[in-house]
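So you can see what is in the structure, the chains are spelled out below.
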Amino acid sequence: PNPCSKRLRLVHVAPGATTPPHSHHGREITLVLAGNYADHTGTYNAGDIIIADDDFAHAPSAGPEGCLCLMLTDAPVRFEHPVQRILNAFFRF
């Protein structure tokens, strides 16, 4: 991946909310700062680091207190739901 494609984001997921199902064109490194979230691989709490590569697809759900994460990606997110896939052509998340 090109160095200009790296993005660092501070992401808040509301209590009980679920992100859209997505995978990654590259790597996503997530540090849980507060709260927690769960996906099919387990539950991640404050201080946990999760590294996802381009073979990883998930739809994380925040716990009852929500989740605050710092995320570093080196390529755009790829939405999995057929309707949301349209966003892949127009937006780089």
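Residues numbered from 1 in each chain as written. Predicted model: local features only at pLDDT ≥ 70, side-chain atom pairs only at ≥ 80, totals over all residues. Heavy atoms only, no water.

## Some words on the layout of surface pockets
Computed from the structure, the largest pocket encloses a volume of approximately 370 Å³. What lines the largest pocket is a set of 20 residues, and nearest its centre among them are Val 11, Thr 19, His 22, Glu 28 and Met 71. Mapped onto the lining of the largest pocket, the elements with two or more residues apiece are strand S1 (7–13), strand S3 (28–39), strand S7 (61–73) and strand S8 (77–79). (1 Å grid on protein atoms, 1.4 Å probe; cavity = no way out; pocket = protein on both sides within 12 Å on 5 of 7 lines; lining within 4 Å. Points joined across faces, edges and corners; volume = space filled by probe spheres on them. Helix = DSSP H or I, 4+ residues; strand = E, 2+ residues; numbered from the N terminus.)

## Overview of the environment of Gly 47
Assignment of secondary structure puts Gly 47 in the loop between strand S4 (42–45) and strand S5 (49–52). Residues Gly 47 and Thr 30, spaced 17 residues apart in sequence, show a C-alpha to C-alpha distance of 9.9 Å. With sequence-adjacent residues up to four places away left out, Gly 47 is seen in contact with Leu 31 and Val 32. (Contact = heavy atoms within 4.5 Å.)

## Quick look at the nonpolar core
Judged by nonpolar contacts, Val 13, Val 32, Tyr 37, Tyr 44, Ile 50, Ala 62, Cys 67, Cys 69 and Met 71 together constitute the single largest core of 9 residues. Contributing elements (two or more residues each) for this core: S3 and S7. Residue contributions to this core peak at 4 residues, all from S7. Ignoring anything within four residues of it in the chain, the contact list for Met 71 reads Arg 7, Leu 8, Arg 9, Val 11, Glu 28, Ile 29 and Thr 30. (Core = buried A, V, L, I, M, F, W, Y, C linked by side-chain atoms within 4.5 Å. Buried < 20%, exposed > 50% of the residue type's maximum accessible area, 1.4 Å probe, protein only.)

Just geometry here; none of it tells us what the structure is for.
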